[in-house]
Amino acid sequence: PNAASPASVRAPCSQISCAAAMCLSPALPSGEDLVRHQLELQLILQEVHQRYAGRSGRYNKHDTARLRFIKDTAFPGLRFGKMVPERDMAMLSPLPPLRLPPHLP
């Protein structure tokens, strides 16, 4: 057997890249962080539902997108320990709708 055969020699660079990747991975959120995050999302849901209390009809498209993201993406992610990125949380904040001028033909 040849001592320099590729099967018997491990490349040191592959070991270093794996170790570097482990060092660069973000720390897992604590249980308290996950609970706090879930409460923030539930508060947003409650605010949207209160805005439409006593009215019939559908939610506007922005609120529908918020509700679907929270229910279909954020809550399942939290169950697996995945926090919603800050950029997405900023998009979930209920801002007043913009008043756009009507489109002229």
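Preceding block: the structure.
First, a word on what this report is: a plain description of the structure on this page. This structure is a prediction, so every number in the text was calculated from the model and none was measured.

**What about the overall build of the protein?**
Point 1. Secondary structure assignment for the protein yields four helices and zero strands.
Point 2. Going from the N terminus to the C terminus, the protein shows its helices and strands as α-α-α-α.
Point 3. Restricting the contact set of the protein to residue pairs at least 6 apart, pairs at least 24 apart contribute 62%.
Point 4. Summed over its atoms, the accessible surface of the protein is roughly 8,900 Å², and 63% of this surface lies on carbon and sulfur atoms.

**Here's the deal with the nonpolar core**
Point 1. The biggest cluster of nonpolar side chains holds 14 residues, and the ones touching the most others in it are Leu41, Ile70, Phe75, Met89 and Leu92.
Point 2. Of all the secondary-structure elements, those providing two or more residues to this core are α2 (31–51), α3 (61–79) and α4 (86–92).
Point 3. Apart from residues lying up to four places away in sequence, Met89 is in contact with His37, Glu40, Leu41, Ile44 and Val84.

**Notes on the environment of Gly31**
Point 1. Looking at where Gly31 falls in the secondary structure, it is placed in helix α2.
Point 2. You can call Gly31 partly exposed: its relative accessible area is 48%.
Point 3. C-alpha separation for the pair Gly31 and Gly81, spaced 50 residues apart in sequence, amounts to 8.3 Å.

**Brief notes about the packing of aromatic side chains**
Think of a pair of aromatic rings as described by two things: how far the centres are apart, and how the planes are tilted against each other in angle.
Point 1. Taken as a whole and assessed by the stated rule, the structure comprises one aromatic pair.
Point 2. Look at Tyr52 and Tyr59: their rings are 4.5 Å apart centre to centre, the planes differ by 80°, and that puts the pair in the edge-to-face class.
Point 3. For Tyr59, a relative accessible area of 28% puts it in the partly exposed group.

**Let's talk about α2**
Point 1. Its 21 residues place the ends of α2 31 Å apart at the C-alpha level, agreeing with the 30 Å of an ideal helix rising 1.5 Å per residue.
Point 2. Along α2, the positions that sit buried rather than exposed are Leu34, His37, Leu41, Ile44, Leu45 and Val48. Each buried residue of α2 sits inside an arc of 95° when the element is viewed along its axis, so together they form one side. Exposed side of α2, more than 90 degrees from the buried face: Glu32, Val35, Leu39 and Gln50 are the residues found there.
Point 3. Each element contacted by the buried residues of α2 is listed here: α3 and α4.

**Looking at the pattern of salt bridges**
Point 1. Enumeration over the complete set of coordinates arrives at five salt bridges.
Point 2. Put simply, Asp63 and Arg66 hold a salt bridge, and the shortest N to O gap is 2.6 Å. On the criterion of helical spacing, the pair formed by Asp63 and Arg66 is a turn pair, its members being three residues apart in helix α3. For the residue pair Asp63 and Arg66, the accessibility class agrees, reading buried in each case.

Rules of the game
- Residues numbered from 1 in each chain as written.
- Predicted model: local features only at pLDDT ≥ 70, side-chain atom pairs only at ≥ 80, totals over all residues.
- Heavy atoms only, no water.
- Helix = DSSP H or I, 4+ residues; strand = E, 2+ residues; numbered from the N terminus.
- Contact = heavy atoms within 4.5 Å.
- Areas by Shrake-Rupley, 256 points an atom, 1.4 Å probe, with all protein chains shown as cover.
- Core = buried A, V, L, I, M, F, W, Y, C linked by side-chain atoms within 4.5 Å.
- Buried < 20%, exposed > 50% of the residue type's maximum accessible area, 1.4 Å probe, protein only.
- Phe/Tyr/Trp six-rings, centres within 6.5 Å; stacked < 30°, edge-to-face > 60°.
- Expected span 1.5 Å × (residues − 1).
- Arc of directions from axis to C-beta.
- Salt bridge = Lys/Arg side-chain N within 4 Å of Asp/Glu carboxyl O.

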